[in-house]
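# Overview (structure and organization)
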Amino acid sequence: AAGGLIAVAFAGCGIAGPGQVSTIGKVDFDKPLAIPPLAESTVDADGTRVFALDAQAGATEFEPGESSDTWGFNGRYLGPTIVAKRGEHVRVDMTNSLDEPTTVHWHGMHLPAEMDGGPHQMVEPGGSWSPEWDIDQQAATLWYHPHPHGETEDHVSRGLAGMFLVQDDAEAALALPREYGVDDVPVIVQDTGFSAEGEQEANPRGYAGGLGDELIVNGTRGPYLDVHDEVVRLRLLNASTARSYAFAWSDGRPMELIGTDGGLLEAPVELDHVRLSPGERAEVLLRVTPGEEVVLQSRMTPEIAALVGPVAATNGGTDSFDVLQVRAADELDPAPAVPEQLNSIPAFDEAEVVTTRTFELNDSFEINGEAMDMGRIDETVTVGTLERWVVENATSVPHSFHVHDVQFRVASIDGAAPPPELAGWKDTIFTEPETEYELLMRFEDYSDPDTPYMYHCHLLWHEDQGMMGQFAVVEPGQRATMTEGTHHEH
Ligand code: C2O
Ligand code: CU
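Residues numbered from 1 in each chain as written. Chains lettered and ligands numbered in written order. Predicted model: local features only at pLDDT ≥ 70, side-chain atom pairs only at ≥ 80, totals over all residues.

Going by what an unreviewed UniProt entry lists, the protein chain is known as Suppressor of ftsI and is assigned to Agromyces ramosus. Recorded in UniProt under Sequence similarities (unreviewed entry), the annotation for the protein chain is "Belongs to the multicopper oxidase family." (UniProt positions renumbered as here; feature names shortened; annotations may be inferred.)

Pasting the structure below:
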């Protein structure tokens with residue numbers, strides 16, 4: 001089958017093909033981890049909180065003295081961390097100082113489709129765009145990045161990405177670390193390549209897309225983080241274009257997972273590793289003792305690799321990385337005990353499902369046999385109804401399935417209940433080869449029958465190739481007004 005063709009093509013890349021690397025024990029950790037600045041905001045007379053983001057080209061020295069061309073929002077690389085509270089009305093005045101069109105999409109955000117920043121909301125060079133919406137979802141680690149159709153991999157890998165933290169009263173009442181950059185730290189992980197001198201190089205493409213042989217965190221190559229608290233909260237974001245990770249601690253202590261894409265779990269979960277595919281987030285707690293050093297790694301064991309697909313599987317589990325060294329101070333501020341209950345996550349009642357839709361991912365970068373068409377609405381959802389989306393990865397390689405506008409729940413994986421780390425709110429899910437995922441979701445607000453949202457593979461090269469579809473959220477009985485239901489020849 002076509003899966004075999006991809007595997008053969010990949011094997012043709014040879015032993016040192018993309019992805020076949022291990023940087024464990026080889027990273028110097030000689031630079032302090034950069035912390036993206038908090039985005040400044042003003043509050044309008046009507047109470048709107050206003051942020052400004054400018055997409056711009058610049059140059060970054062990943063190594064001192066070696067300049068690389070990069071893009072960033074309000075800076076040279078990545079963007080500021082936006083923080084807003086549930087109940088606030090926000091506006092982002094986005095300007096495009098690049099010399100090509102781009103967009104900015106609010107990944108994980110519930111908001112009207114015309115504010116979503118997908119491929120229908122392009123911002124021309126020199127142009128501007130001011131989406132505004134009500135923050136109407138629970139505290140969570142979201143992010144933002146461009147979404148121009150066919151160019152997303154390029155724009156994200158150049159550096160256009162940032163975090164968007166939603167806060168709420170329920171989370172604020174919990175005894176959790178939340179001092180930004182001190183005991184509550186963004187960890188934006190990307191893979192990239194560097195020349196011998198330290199200049200950033202484009203990633204060679206494998207079946208998954210571009211895979212680099214080194215990691216950078218928040219744009220820092222070889223990062224360490226000094227901590228002064230007994231408990232530190234790390235907000236992990238896989239902002240890589242193609243690579244998945246199995247995050248673990250170098251000394252084998254458990255990963256203490258407290259939150260996933262859309263918010264906190266009901267209770268902390270101890271795991272030996274946290275797997276994140278592109279687009280996914282995880283909040284973890286790290287407990288340290290005075291003076292110790294521990295390294296966040298991505299350790300691809302053969303067992304995990306078998307699920308991640310041929311890149312890792314064929315190299316005997318050496319697709320592994322040193323990510324970030326954490327250095328604990330000799331004196332640490334004590335931290336209160338972490339609450340046993342973090343959130344309450346009621347189950348959806350499957351008996352309420354009104355519509356079941358199937359999404360088959362195939363080897364031609366298609367969903368249900370069709371490539372993305374900007375002029376076609378693939379699915380029309382009735383506002384407020386419970387939907388079951390059955391995502392079938394019919395290929396021999398992994399993908400990462402993301403749905404805009406909504407946080408969903410995983411009802412089952414090949415018929416079995418999800419593990420605890422997938423039992424909370426999610427907007428993106430790693431889909432293992434030849435595996436079927438049942439997702440339950442409810443689109444809470446009417447949007448606009450003319451303007452679709454996207455669902456797609458978050459391996460950005462796959463998305464760019466057309467592994468994406470469009471849906472509209474309409475009132476009962478209403479029809480989406482684009483050419484819904486028409487079929488196109490490829
Ligand atoms: Cu993170 Cu449709 O994107
Ligand atoms: Cu894919």
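This is not the end of the story, as more comes after the structure.
## Some details on the nonpolar core
Residues Val 187, Ile 188, Val 189, Val 217, Leu 236, Phe 247 and Val 284 are the most contacted members of the largest nonpolar core, which totals 113 residues. When neighbours within four sequence positions are excluded, Leu 236 is seen to be in contact with Val 187, Val 189, Phe 247, Leu 276, Arg 281, Ala 282 and Val 284. (Core = buried A, V, L, I, M, F, W, Y, C linked by C-beta atoms within 7 Å. Buried ≥ 20, exposed ≤ 12 C-beta atoms within 10 Å, placed from the backbone. Contact = placed C-beta atoms within 7 Å.)

## Here we look at the sheet that holds strand E10 (residues 140-145)
One open sheet accounts for 4 strands, arranged E5-E11-E10-E7; its pairing is mixed. The open sheet terminates on both sides in strands that have one partner only, identified here as strand E5 (82-85) and strand E7 (105-107). Mean inter-strand twist for the sheet, computed between neighbouring axes without regard to direction, equals 25 degrees. For E5 and strand E11 (residues 162-167), the ladder comprises 4 bridges, and the chain directions are parallel. Looking across to E11, one finds that Val 83 is bridged to Leu 165. (Pairing = 2+ DSSP bridges. Helix = DSSP H or I, 4+ residues; strand = E, 2+ residues; numbered from the N terminus. Axes fitted to C-alpha atoms, helices over the stretch in contact; angles between N-to-C directions.)

## Concerning the domain arrangement of the protein chain
Splitting the protein chain by domain gives domain 1 (2-29 + 175-333), domain 2 (33-172) and domain 3 (350-474). When contributions to the side of domain 1 that touches domain 3 are tallied by element, the ones reaching two or more residues are helix H1 (2-11), strand E15 (209-210), strand E20 (255-260), strand E21 (263-271), strand E22 (274-276) and helix H4 (302-308). Here the side of domain 1 that touches domain 3 is composed, by residue class, of 15 nonpolar, 11 polar and 4 charged. (Domains from an automatic or database assignment. Nonpolar A, V, L, I, M, F, W, Y, C, P; charged D, E, K, R; others polar.)

## Re the UniProt feature "domain: Plastocyanin-like" (unreviewed entry) in the protein chain
Mapped onto the present numbering, the UniProt feature "domain: Plastocyanin-like" (unreviewed entry) falls on residues 58-170, 228-288 and 357-474. Segment residues 58-170 splits into 7% helix and 41% strand. End C-alpha atoms: 40 Å apart. Helix makes up 0% of residues 228-288 and strand makes up 66%, while its end C-alpha atoms are separated by 9 Å.

## Looking at the confidence of the model for the protein chain
Confidence in the prediction of the protein chain, expressed as mean pLDDT, is 91, and 91% of residues score 70 or more. Note that pLDDT drops below 50 for residues 312-317; the model gives that stretch 13 contacts with residues more than four away or on any other chain. In this model, residues 484-490 is a region of pLDDT below 50 whose contacts with residues beyond four sequence positions or in other chains number 7 contacts. For this predicted complex, the interface confidence comes out at an ipTM of 0.98, alongside a pTM of 0.94. (pLDDT = per-residue confidence, 0-100.)

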